Amino acid sequence: MYPFIEQYVWLVPLLPLLGAAVNLLAGSRLPRHAVSTIAVGSISASFVLTVIAYLHIVSLPADHRQFIDTAYTWIGLGGFKVGLSFLVDPLSVVMGMIVSGVSSVIHLYSVGYMHDDRRYSRYFGFLNLFAFAMLLLVLSDSILLMFVGWEGVGLCSYLLIGFWFEKIENARAGMKAFVVNRIGDFGFIVGFLLLFTAIGIRTGTWSLDFGAIQSAVGLVPTAVLTTVGIMLFVGATGKSAQIPLYVWLPDAMAGPTPVSALIHAATMVTAGVYMVARMNFLYALAPDALRVIAIVGALTAFFAATIGLVQNDIKRVLAYSTVSQLGYMFIGVGVGAFSAGIFHLMTHAFFKALLFLGSGSVIHAMSGEQDIRKMGGLSKKLPITTATFVIASLAIMGVPGFAGFFSKDDILYNAYTSPYGGTFVWLLGVLAAVLTGFYMTRLVVLTFYGSSRMDPHTAEHVHESPKTMTIPLIVLAILSAIGGYIGMPEAFGVRNVFAGFLGPVFASGVRLPEGSVPLEWALMGVSVLAAFSGIGLAYYFYAVDTELPAALAEKYNTAFRPAYTGMYVDEFYSKYIVGGVMGLKDLLALFDSHIIDGAVNGTARLGRRLSDFEGAFDRIVVDGAVNAVGNGIVSAGGVLRRLQTGLVQNYLIFAIIGMAILLSFVLL
Amino acid sequence: MTILPITLTDYLILSGALFSIGVFGVLTRKNAIAVLMGVELMLNAANINLVAFSKFTGPGVDGQVFALFSIVIAAAEVAVALAIVISIYRVTRTIDLDKEDTLKG
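Residues numbered from 1 in each chain as written. Chains lettered and ligands numbered in written order. Predicted model: local features only at pLDDT ≥ 70, side-chain atom pairs only at ≥ 80, totals over all residues.

S.K.: Is there a simple way to think about the domain arrangement of chain A in this case?
M.R.: Accessible area lost during the coming together of the parts is what is often quoted as the interface size. Under the domain assignment, chain A is made up of domain 1 (286-564) and domain 2 (570-637). Centre-to-centre separation of domain 1 of chain A and domain 2 of chain A, based on C-alpha positions: 64 Å. (Domains from an automatic or database assignment.)

S.K.: I'm lost on helix α10 (residues 257-266) of chain A in this one. Help?
M.R.: An α-helical turn contains 3.6 residues, so any two residues separated by three or four positions project in the same direction. Residues and elements named next belong to chain A. Burial analysis of α10 places ten of its ten residues in the buried class, which makes it a mostly covered element. Packed against the buried residues of α10 are α3 (90-113), α4 (120-139), α5 (143-161), α11 (269-278), α14 (314-334) and α15 (338-365). At the C-terminal side of α10, M268 shows a positive phi close to 65°. (Buried ≥ 20, exposed ≤ 12 C-beta atoms within 10 Å, placed from the backbone. Helix = DSSP H or I, 4+ residues; strand = E, 2+ residues; numbered from the N terminus. Contact = placed C-beta atoms within 7 Å.)

S.K.: Would you take a moment to explain the environment of B:V78 for this structure?
M.R.: Residues and elements named next belong to chain B. Here V78 is to be found in helix α3 (residues 62-92). A tally of 15 C-beta atoms within 10 Å means that V78 is categorised as partly exposed. Distance from V78 to I95, taken between C-alpha atoms, is 16 Å for residues 17 residues apart in sequence.

S.K.: How should the environment of A:A289 be read in this particular structure?
M.R.: All names here are of chain A. For A289, the position within the fold is in helix α13 (residues 287-308). When the C-alpha atoms of A289 and I213 are compared, they prove to be 18 Å apart, with 76 residues separating the residues in sequence. Residues within four places of A289 in sequence aside, it is in contact with T226, G229, I230, F233 and Y283.

S.K.: Sorry if this is basic, but what is going on with the confidence of the model for chain B here?
M.R.: Do not read the fine detail of predicted coordinates wherever pLDDT is low. Taken over all residues, the pLDDT of chain B has a mean of 90, while the share at 70 or more is 99%. Overall fold confidence (pTM) sits at 0.75, and the ipTM for the predicted complex is 0.82. (pLDDT = per-residue confidence, 0-100.)

S.K.: Where do I start with the packing of α10(A) against α15(A) in this structure?
M.R.: How two helices sit against one another is set out by the angle between their axes and by the gap between those axes. All names here are of chain A. Across the interface, α10 lies against α15 with an axial gap of 8 Å and an inter-helix angle of 170°. The pairing of α10 with α15 is recorded here as roughly antiparallel in orientation. Of α15, the residues touching α10 (which contributes T257, P258, S260, A261, H264, A265 and A266) are A349, K352, A353, F356, L357, S359, G360 and I363. In terms of residue class, the contact of α10 with α15 is made up of nine nonpolar, five polar and one charged. (Axes fitted to C-alpha atoms, helices over the stretch in contact; angles between N-to-C directions. Parallel < 35°, antiparallel > 145°, perpendicular 65-115°, else oblique. Nonpolar A, V, L, I, M, F, W, Y, C, P; charged D, E, K, R; others polar.)

S.K.: Where do I start with the interface of chain A and chain B in this structure?
M.R.: On the side of chain B, ten residues touch chain A, which itself brings eleven residues to the contact. Residue classes in the side of chain A that touches chain B are distributed as six nonpolar, four polar and one charged.

Right, dumping it as structure tokens:
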């Protein structure tokens with residue numbers, strides 16, 4: 001419908017990059033409204049372009065919904081070429097719309113949230129850079145270009161989590177995110193280089209383009225593909241906060257709240273899920289890697305939810321909930337239901353962005369207070385925030401009719417039926433759903449309902465947020481409510497539009513068994529029951545018998561304490577991993593000071609010996625030869641000088657004798 | 001007795017003798033002036049040759065003219081040589097050639 005877009009896809013990431021460049025280089029000299037106009041304008045323009053790309057791609061026949069826009073050749077090395085080229089297909093266009101759309105809303109929200117921050121232009125510059133990196137990651141046509149975006153979001157998360165670096169904890173959280181991500185990135189690098197080499201050796205074509213990899217991946221043995229798949233997934237556990245590398249995400253809330261929304265919803269954490277979905281053709285040939293992904297996802301979903309139960313910081317609850325929901329997405333892609341994973345990614349982007357922005361609105365109203373024990377009864381003073389937050393909570397808990405219900409149900413159904421899933425994965429998912437119902441209900445009840453536990457001074461200042469903040473909330477609330485209807489299950493007797501749209505991308509992927517309608521209804525019933533049991537339990541605990549939780553916590557302290565401190569994972573890491581690294585460091589230092597230094601010193605000593613010997617050789621042999629020549633010449637000169645008497649008459653005698661000899665030749 | 005005509009050979013013998021006396025003088029005299037005189041004898045031996053060959057070969061007088069040039073140039077040469085001798089004398093207070101050995105190696 002809009003064929004011109006095929007030549008202008010590069011504008012989608014470029015616009016936020018330009019916005020970032022302007023705001024970072026000249027932003028401090030611009031008035032505030034100019035800064036925010038540039039930032040919001042550039043990302044919104046990107047969103048409009050992605051929507052145009054979507055409309056264009058939809059107008060094409062289903063099998064031809066793909067085009068590549070090469071802006072220029074980035075690396076050209078003989079036959080090896082990496083273009084700055086962008087791949088637009090249903091998967092990347094859906095991701096592009098989620099990323100740029102949710103980013104636009106968050107940018108808009110930030111205008112209100114950050115209005116009196118000192119580093120206003122820098123904030124928006126980083127925010128735009130973040131969106132740029134994520135769009136690059138999503139739209140790239142080769143793993144290498146994807147990796148550029150991959151590293152870019154890592155860098156931007158560091159910059160934004162540590163944005164208020166005056167407090168050392170914030171700077172530390174930023175560094176933690178960066179370092180943990182680097183560990184994952186290492187796996188990613190190993191993975192794609194291994195794949196690159198394996199394909200290059202077997203086919204002779206050295207390429208990192210998705211298309212080339214897809215057509216050659218069948219020639220690589222399964223063992224190599226499994227290794228590649230797991231290494232790439234290690235990268236995904238870093239970016240998408242899965243066990244064992246999820247630890248940075250709960251700390252990432254040290255940044256401004258809109259940044260948390262951006263990280264948790266639109267950018268960054270979805271990168272890993274997207275990458276696995278993008279490489280579906282590879283994972284289809286590496287079923288063991290898929291099983292690993294599904295199990296890690298299920299464990300993460302359950303484990304993070306248990307920690308989320310007892311957190312008291314509003315953002316920390318949401319952070320663990322993100323880790324848990326990402327676990328769901330990995331269950332989805334891990335059991336081969338790629339479109340279900342991406343579907344949950346999308347609905348999650350809506351409601352998690354909304355939850356974070358809503359919590360930001362609460363924190364804004366509470367003058368920076370984040371502890372839910374000191375809130376309560378806010379629903380009267382923050383009506384819009386409360387309404388939108390409740391909608392988002394219903395969505396994340398999987399209450400029928402809201403977005404999260406459809407996507408979560410899709411994943412759990414596939415987890416049960418897929419050959420890569422099974423009862424264990426499914427059961428963990430259902431248990432996580434119970435826990436999700438519990439901790440979200442707890443959060444909503446403690447924050448917005450019941451009696452106020454605020455201190456009176458804060459209570460006076462509580463006010464609803466300005467329009468730039470509430471409009472994004474309302475937009476996201478609408479999406480959270482209705483966003484699920486594009487992916488309704490087959491059991492409802494309708495076509496799953498979302499899965500159908502993404503279908504061609506995953507056509508070469510995993511074959512899933514045909515669905516059976518009664519089973520689907522049954523599983524749906526179980527997950528709804530799970531959600532409501534969690535909700536009911538939390539309602540009883542925190543709204544009816546409010547004394548009970550404290551009493552229980554008192555009684556079962558041994559169980560609560562570990563959950564409260566995040567199951568001691570951070571402590572475990574700092575003791576064993578960091579401690580181990582430190583021990584290794586000491587060992588290496590010893591090795592360094594003894595063996596390496598010894599070798600260096602030994603080399604130096606040997607060098608001195610050698611040079612002594614060479615000096616002697618020089619002095620005796622070379623100098624001797626030179627002097628001998630000189631002395632010989634001097635002594636020869638001593639003999640010959642006697643010829644030169646200085647007396648004219650002697651010379652004449654020689655001349656005459658010479659003449660006589662010459663004459664004798666002539667005459668005789 | 002008949003007076004034998006003077007032949008070319010006679011002239012050449014004369015000039016050869018004169019040249020030899022000149023060489024002897026140049027090689028044996030200690031005095032620089034005497035050496036110069038020996039050089040003059042050698043030059044004039046050559047002049048005799050020029051004139052003699054001119055007289056006995058052909059009608060022209062080229063050789064005699066050449067001898068005149070030679071005499072003039074010899075005069076100039078003597079003037080230069082004497083000037084050098086005077087300069088040497090000024091520096092070393094002697095014109096004894098055995099003592100002039102500053103170029104000794």
